[in-house]
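Architecture at a glance
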Amino acid sequence: MEIEADVLRNADAVGVPVPVLVGQFAIDDRQVLVSRHVAGDTVPRRIMRELDADSREVLIRDVGSAAAVLHTRCARPQRLDEVDLLTTYIERLHASGWSRPVLEAAATMLERTRPPAAEPAVVHGDLRLGNWIVEQGRLMAIVDWELARWGDPVADLAWMTLSPWRFGGPGEVGGLASIDTLFEAYREGGGVVPDSEVFSWHRAVGLFVWAVMCIGQCEAHRSGARRSHELAVIGRRVTENEMELIDWMKA
Amino acid sequence: MSDDAVGIPSIDELLESVVEWLRSEVVTGSDATIAYRGRVAAHVLDLVRREIADGAAITSRRDAILRDLMVADESELACGIRDGSIPIDAELLSSLRRLTDDRLRVDAPDQRRRGGDTEAAS
């Protein structure tokens, strides 16, 4: 949480739209961050409903520009750890005890085909529709920075194109607009656009990570930590990621 | 699948009746959180109904695929892939696709219908 505060401050300092921190305190051992109020909506389907095709493009351009600023200008907070996403989630898969042949094959193929890493940057970690505060069709703030890390920035771009974050919409990015729209704004903002093979590797890592996160949520239920039918059934969402991973491996 | 052992209404009819109640009264209710959880609950029961209907056929197809790959179960397959003793080649990927496609019938039939290059598995 303290690291999250550092990231928020550094991101704000270079103009990434974030909630502006005004205070920070602890209740028992829990850190609480207080930010200035940001007007707007985060609910994906409501945001999608309220935007026509043109304003959807505008929103995704906002996101591309913000990501470019984050990845090219935001200073690394001292305590922000470098995380290799693939290695971390392969370890989590193996720690989960789940036997999933497709995920094992994907892990092996992803390791075998790992492209050279881009220049490391502050990565948000969950930069998707749902974590964008949107008002009148414009991006007001990016929230939920608890997965922020120092790492390969292409991961942020790939993550927002995963199927679960399309919420049934037609566009590749958050169901709203095309990857080209995202890339164009990202390039104009100074970001380095990955080539398509590198991008699809990162997208496949995203599928793998999301699959392992689904396992983790299901296990939160099964272990008794948080009993809930919602968490339980998320375990069945692993399959849809596996099918997409097979498509990637075949390509 | 054998005929329902106990009688009428069948397991599927009982589950369906609960799904209908969830969708008609819980999902439409005024409490947004309960409505959402009700929608998820109906989704869970529909998934269970699909598994009850197709589970036996899926299991027997899975066992045949695993036999062809000369492994006893998916755990052995996963371990073999992980330690490299089972190579990741076209044959393996085709087997994995058939296994996954069958799982999708239960877990996410909508995606199965959408999937462009999903081979027919049966």
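Since the model is a prediction, treat every value here as computed from it, not as a measurement.

Reading the values: the criteria
- Residues numbered from 1 in each chain as written.
- Chains lettered and ligands numbered in written order.
- Predicted model: local features only at pLDDT ≥ 70, side-chain atom pairs only at ≥ 80, totals over all residues.
- Helix = DSSP H or I, 4+ residues; strand = E, 2+ residues; numbered from the N terminus.
- Buried ≥ 20, exposed ≤ 12 C-beta atoms within 10 Å, placed from the backbone.
- Rg over C-alpha atoms; globule rule 2.2 N^0.38 Å.
- Contact = placed C-beta atoms within 7 Å.
- pLDDT = per-residue confidence, 0-100.
- Nonpolar A, V, L, I, M, F, W, Y, C, P; charged D, E, K, R; others polar.
- Pairing = 2+ DSSP bridges.
- Axes fitted to C-alpha atoms, helices over the stretch in contact; angles between N-to-C directions.
- Parallel < 35°, antiparallel > 145°, perpendicular 65-115°, else oblique.
- Left-handed = near helix turned anticlockwise from the far one by under 90°.

**Things to note about the overall build of chain B**
- Secondary structure assignment for chain B yields five helices and zero strands.
- For chain B, the α and β elements follow one another from N to C terminus as α-α-α-α-α.
- The burial tally for chain B puts 15% of its 122 residues in the buried class.

**Here's the deal with the overall build of chain A**
- The helix and strand inventory of chain A stands at ten helices and six strands.
- For chain A, whose C-alpha radius of gyration is 18 Å, the value lies close to the compact-globule estimate of 18 Å for 251 residues.
- Along the first, second and third principal axes, the C-alpha atoms of chain A reach 45 × 45 × 35 Å.
- Partitioning the intrachain contacts of chain A with sequence separation of at least 6 by distance along the chain shows that 74% fall at a separation of at least 24.

**Here's the deal with the confidence of the model for chain B**
Residue and element names in this part refer to chain B.
- Confidence in the prediction for chain B averages 90 pLDDT; 88% of positions are at 70 or higher.
- Averaged over each element, pLDDT in chain B is lowest for helix H5 (residues 109–114) (81) and highest for helix H3 (residues 74–83) (98).
- Counting interchain partners and residues more than four positions distant, the pLDDT-below-50 stretch residues 116–122 has seven contacts.
- Interface predicted TM-score (ipTM) for the complex: 0.90; the corresponding pTM is 0.93.

**A closer look at the interface of chain A and chain B**
- Listed per partner, the contact involves 20 residues of chain A and 25 residues of chain B.
- Only helix H5 (101–112), helix H9 (229–234) and helix H10 (238–250) of chain A provide two or more residues apiece to the side of chain A that touches chain B.
- Broken down by element, the side of chain A that touches chain B gets its largest block of residues, eight residues, from H10 of chain A.
- Of the residues assigned to the side of chain A that touches chain B, the class counts are eight nonpolar, four polar and eight charged.

**Here's the deal with the pairing of strand S5 (residues 138–142) of chain A**
Residue and element names in this part refer to chain A.
- The sheet contact formed by strand S4 (residues 132–135) and S5 spans four bridges and is antiparallel. If you follow Trp-132 over to S5, its bridge partner there is Ile-142.
- Counted along the chain from S4 to the antiparallel partner S5, the turn is two residues long, and its residue Gln-136 has a positive phi close to 50°.

**Things to note about the packing of H5 of chain A against H10 of chain A**
Residues and elements named next belong to chain A.
- Across the interface, H5 lies against H10 with an axial gap of 10 Å and an inter-helix angle of 40°. If you check the angle between H5 and H10, you find them oblique. When the axes of H5 and H10 are compared, the crossing they make is left-handed. Along its contact with H5, which presents Val-102, Leu-103, Ala-105, Ala-106 and Met-109, the element H10 presents Glu-242, Leu-245, Ile-246 and Met-249.

**So, the packing of helix H3 (residues 53–73) of chain A against helix H7 (residues 179–188) of chain A**
All names here are of chain A.
- The N-to-C vectors of H3 and H7 enclose an angle of 45°; their axes lie 7 Å apart at closest approach. Accordingly, the angle class assigned to the pair H3 and H7 is oblique. As H3 runs across H7, the sense of the crossing is right-handed. Judged by residue contacts, Glu-57, Ile-60, Arg-61, Val-63, Gly-64, Ser-65, Ala-67 and Ala-68 of H3 engage Thr-181, Leu-182, Ala-185 and Tyr-186 from H7.
- In the contact of H3 with H7, the residues fall into seven nonpolar, three polar and two charged.

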